[in-house]
Amino acid sequence: MLTRLWSEKLNVTPVGVEDDFFALGGDSLLAADLLMDLYEQFGVEVDAAVLFLKPTIAELVDEVLAA
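Residues numbered from 1 in each chain as written. Predicted model: local features only at pLDDT ≥ 70, side-chain atom pairs only at ≥ 80, totals over all residues. Heavy atoms only, no water.

Draft legend 1. Quick peek at the packing of aromatic side chains. Within the structure shown, the criterion is met by three aromatic pairs. Ring geometry for Trp6 versus Phe21: centroids 5.2 Å apart, planes at 75°, classification edge-to-face. Taken together, the residues span a long stretch of sequence, with Trp6 in helix 1 (residues 2-10) and Phe21 in the loop between helix 1 and helix 2 (28-42) at a distance of 15 residues. Overall, Trp6 belongs to the buried group, its relative accessible area being 0%. The exposure class assigned to Phe21 is buried, which follows from its relative accessible area of 0%. Between the aromatic rings of Phe21 and Phe22, the centroid separation amounts to 5.1 Å while the plane-to-plane angle is 90°, which identifies the pairing as edge-to-face. Judged by its relative accessible area of 24%, Phe22 is partly exposed. (Phe/Tyr/Trp six-rings, centres within 6.5 Å; stacked < 30°, edge-to-face > 60°. Helix = DSSP H or I, 4+ residues; strand = E, 2+ residues; numbered from the N terminus. Buried < 20%, exposed > 50% of the residue type's maximum accessible area, 1.4 Å probe, protein only.)

Draft legend 2. Representation of the packing of helix 1 against helix 2 within the structure. As a packed pair, helix 1 and helix 2 sit with axes 11 Å apart at the nearest point and diverge in direction by 140°. By the angle between their directions, the pair helix 1 and helix 2 is classed as oblique. Here the hand of the crossing between helix 1 and helix 2 comes out right-handed. Contacts between helix 1 and helix 2 involve Leu2, Arg4, Leu5, Trp6, Lys9 and Leu10 on the former and, on the latter, Leu30, Asp33, Leu34, Asp37, Leu38, Gln41 and Phe42. (Axes fitted to C-alpha atoms, helices over the stretch in contact; angles between N-to-C directions. Parallel < 35°, antiparallel > 145°, perpendicular 65-115°, else oblique. Left-handed = near helix turned anticlockwise from the far one by under 90°. Contact = heavy atoms within 4.5 Å.)

Draft legend 3. Just helix 2, in detail. Between its first and last C-alpha atoms helix 2 spans 21 Å; for 15 residues at 1.5 Å apiece the expected length is 21 Å, and the two agree. Of all the residues in helix 2, the buried ones are Ala31, Leu34, Leu35, Asp37 and Leu38. One side of helix 2 holds all its buried residues, which, seen down the axis, span an arc of 160°. Seen from the open side of helix 2, the exposed residues pointing more than 90 degrees away from its buried face are Leu29 and Glu40. Looking at the buried positions of helix 2, the neighbouring elements they touch are helix 1, helix 3 (48-53) and helix 4 (57-66). (Expected span 1.5 Å × (residues − 1). Arc of directions from axis to C-beta.)

Structure (structure tokens):
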């Protein structure tokens, strides 16, 4: 589900779990939008700093599952 969400936000296909959000064209505004979508779709609040420190789905999924 996260790969689909990133693909939609970044308008990039395919998105792999090791792809870097910012290397794919993400920026701080898209990051904020993505974090809002994570909250709306999964009920999970992820701090913005986490995405900057863990910019891949493989890294981010641990934070989403822990929340």
